[in-house]
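In case you want the letters, here they are:
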Amino acid sequence: PEHFDCLAECSAPSIEKATLDCDPAPLVEGTTCTIQCDAGYELLGSPQMSCEVLKFPLASSGAFVASAVCRARECGDVSEFDPHMVLGASASPAVVGDTRWVSCQEGFRSAPGETISLLCAPVSDSYGSNVAWSGNASCEALADCGDVAAVNFPGVVAFDCTDQLWREGNMCTLTCAAHHQLHGSSVQCDQYGRWTGNGSCLPDSCAVPVLSENMLSACSTSLSSVPSGDICEPTCSEGFKVSGTFRCHLGSYVEVASCWWHRLSTSWTTVVVGRLDFRVVLGKEELFAHAVQHSVSEAIGIVASDVAILEVSVSDTWAAEEAGLASSLVEIDFEVGSPSADGETLLVQLTSETFREVFVIALATRLPDYKIVSTPMAQAV
C-alpha cells in the first residue's frame, strides 16, 4: 500500500515594515521565509523563519515562528547635514519619516527662501538602507559690514549699536554733530554687508536772507530755506552794484552780500583809488559795504557821497584765537573823489595811522556785531 505523509500547513506570514521572500507554495511545515526590512528599518533577530508544527493538547497545526522585528532607524545630529545647524527642542529622537525643526548657530542664519525643517529619510530604496537628514535647509554666515565708525556718514559723531560684532542685523542709532539735524532714525547692517537705513545727519539750513537796502532779491530762485554750502547771488536796484554773495554754512551765513552805488557824483576833479585789507569776525549786519563807505568818509572828513565802494570780497575763513571765533579776510576796494582837494592830500590822509584808527572806531560803532581782529592795511594810488 502507498504511504502518505500529512504535513501541517501554515498561513502566509507577515512582519511589519518588512518584505518576506518565502519558498514556493504550499506553505507547509519546513517551508522557510527570508525577512528583508523596508528602507530605513533595521532587522533585529534572525533573517529567516520557518513553518513549524505547533502541538496542542487536542490537535496540532502549523505556523511561522519568528523572533525578528524591523525597527525604524534613527537620524543622528543635524551637524552631519550642516555643521552650523542645531535641532529644535524635541521629546524623542527622530526616526525615519519624522520631520524636525532646525535653527542655525549664533552668527549664522538660514538661507533666504529655504525651509527651516529637515526630514529623516532613507539614503536609498534598498532593503534595510540607512537613514540621514534630508531637505533644502542650510545655514549661511551672517554678513560682516565692518566697523560702522569707519563708514563716512556726514555729520554723525557717535553710534549706539546693538553690539560691536558689526554683523548682519546689527542696528545703530545716530548722534549728530552740532548744527546738524537727525533725519530718520538708524542704520543697519544688511545681508549684503552694507550699512543701510533711513538715518542721516543733515547740516542746518539757513533762513532766506533778508533784503537789505537797495536789494531787489536775495536768491535767484524761490526758496523756503538755503541749504548749507549753497550760495545766493542777489540782485540790486538800478544804479547799485552787488558786493559779495550770501553763503550758508551750518545754519548761518559766513558771507553776506550788500548793494552799493558806484560814483554818484560827476563833479569830481580828483579821484584816489584805495584798498583796505583786514581780518574781521563777521556779524549779523547785512549793510557791511554801506558801513564801510561811511566809516571811510568819517576817517577822511568828507561826505559819504564822495566815497564809492568798488568791491568787497570776503574769503579765507579761519578760526581766530579769541574764543574760537571764525574770522575772514576782507578786501575793500574804493574810490575817494573830490571836486576841489588835490590827490596828494587825499593820498596822505588814506595812508596815515590816524585814518586807520578812526576807521576802526567808526566801523565798530556802526557794526557792533563785527570784531576786527587785525589792523587794517591801507593802500592808495
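Naming follows an unreviewed UniProt entry, where the protein chain appears as Sushi domain-containing protein of Noctiluca scintillans.

Looking at this model, I keep getting lost on empty space enclosed by the protein. Mind explaining?
Sizing a probe to match a water molecule and rolling it over the atoms shows the empty space that remains. One pass over the structure, following the stated rule, counts 3 cavities of 30 Å³ or more. Considered as a void within the structure, the largest cavity measures approximately 60 Å³ in volume. The residue inventory of the lining of the largest cavity, partitioned by class, reads 6 nonpolar, 3 polar and 2 charged. Counting the residues that make up the lining of the largest cavity, at least three belong to each of domain 4 (206-260) and domain 5 (263-380).

Just checking my understanding: could you explain the environment of phenylalanine 278 for this structure?
Note on placement: phenylalanine 278 falls in strand β28 (residues 270-281). Along the chain, phenylalanine 278 and proline 376 lie 98 residues apart, while their C-alpha atoms are 4.6 Å from each other.

Mind showing me how you'd approach the state of the cysteines here?
Working definition: the covalent bond between the sulfur atoms of two cysteines is a disulfide. Counting across every chain of the model gives 10 disulfides. What pairs with cysteine 161 in a disulfide is cysteine 172, and their sulfur atoms sit 2.0 Å apart. For the disulfide bridge between cysteine 161 and cysteine 172, the dihedral angle about the S-S bond is near 110°, and by the sign convention the bridge is right-handed. Residue cysteine 161 is found in strand β13 (residues 156-161), and its partner cysteine 172 is found in strand β14 (residues 171-176); the two are separated by 11 residues along the sequence. For cysteine 161, a relative accessible area of 14% gives the class buried.

Just to check I follow, could you spell out the side chain of serine 186 for this structure?
Take serine 186: it is sitting in strand β16 (residues 186-189). Relative accessible area serves as the criterion here: at 10%, serine 186 is assigned to the buried category. Discounting residues that sit within four places of it in the chain, serine 186 has contacts with Met171, Cys172, Thr173, Gly197, Asn198 and Gly199.

Please clarify how the packing of aromatic side chains should be interpreted in this entry.
The geometry of two aromatic rings is summed up by the distance between their centres and the angle between their planes. A full pass over the atoms with the stated rule returns 4 aromatic pairs. Taking the centre distance of 5.8 Å and the plane angle of 65° together, the rings of phenylalanine 153 and phenylalanine 159 count as edge-to-face. By relative accessible area, which is 17% here, phenylalanine 153 ends up buried. For the pair phenylalanine 355 and phenylalanine 359, a centre-to-centre distance of 6.2 Å together with 25° between the ring planes defines the contact as stacked. Separated by 4 residues within a single helix, phenylalanine 355 and phenylalanine 359 lie in helix α3 (residues 353-366), roughly one turn from each other. As far as the burial class goes, phenylalanine 355 and phenylalanine 359 line up, both buried.

Before we go on, may I ask you to explain the nonpolar core in this structure?
Soluble, globular proteins show a tendency: their nonpolar side chains are buried together. Counting 27 residues, the largest nonpolar core has Phe278, Phe288, Val296, Ile309 and Ile332 as the members making the most contacts within it. When residues of this core are traced back to their parent elements, those giving at least two are β28, α1 (288-300), β29 (307-319), β30 (326-338), α2 (343-350) and α3. Counting residues per element, this core draws most heavily on α1, at 7 residues. Ranked by size, the runner-up nonpolar core spans 25 residues in total, among them Ile15, Cys33, Ile35 and Cys37.

What is the right way to look at unusual backbone geometry in this model?
Glycine aside, residues mostly have negative phi, and peptide bonds are mostly found in the trans state. Here the residue pair alanine 25 and proline 26 is connected by a cis peptide bond, since its omega of 0° sits within 30 degrees of zero. With respect to the secondary-structure elements, proline 26 resides in the loop between β1 (18-22) and β2 (32-37). The phi angle at tryptophan 166 is positive, at roughly 60°, despite the residue not being glycine. Here tryptophan 166 shows up in the loop between β13 and β14. Judged by relative accessible area, which is 15%, tryptophan 166 ranks as buried. A positive phi angle is found at histidine 179, which is not glycine, with a value near 65°. Looking at the element boundaries, histidine 179 is found in the loop between β14 and β15 (180-183).

Looking at this structure, I do not really get the packing of α1 against α3. What am I missing?
Axis angle and axis distance: for two packed helices, these are the angle between their axes and the distance between the axes, and together they describe the pair. Relative to each other, α1 and α3 sit at 140°, their axes nearing to 8 Å. It follows that α1 is oblique to α3 by the angle criterion. The two elements α1 and α3 meet at a crossing, and its hand is right-handed. Here α1 contributes Phe288, Ala291, Val292, His294, Ser295, Val296, Glu298, Ala299 and Ile300 to the contact with α3, which in turn contributes Phe355, Val358, Phe359, Ala362, Leu363 and Arg366. In terms of residue class, the contact of α1 with α3 is made up of 11 nonpolar, 2 polar and 2 charged.

About the cut-offs
Residues numbered from 1 in each chain as written. Predicted model: local features only at pLDDT ≥ 70, side-chain atom pairs only at ≥ 80, totals over all residues. Heavy atoms only, no water. 1 Å grid on protein atoms, 1.4 Å probe; cavity = no way out; pocket = protein on both sides within 12 Å on 5 of 7 lines; lining within 4 Å. Points joined across faces, edges and corners; volume = space filled by probe spheres on them. Nonpolar A, V, L, I, M, F, W, Y, C, P; charged D, E, K, R; others polar. Domains from an automatic or database assignment. Helix = DSSP H or I, 4+ residues; strand = E, 2+ residues; numbered from the N terminus. Disulfide = S-S within 2.5 Å. Buried < 20%, exposed > 50% of the residue type's maximum accessible area, 1.4 Å probe, protein only. Contact = heavy atoms within 4.5 Å. Phe/Tyr/Trp six-rings, centres within 6.5 Å; stacked < 30°, edge-to-face > 60°. Core = buried A, V, L, I, M, F, W, Y, C linked by side-chain atoms within 4.5 Å. Axes fitted to C-alpha atoms, helices over the stretch in contact; angles between N-to-C directions. Parallel < 35°, antiparallel > 145°, perpendicular 65-115°, else oblique. Left-handed = near helix turned anticlockwise from the far one by under 90°.

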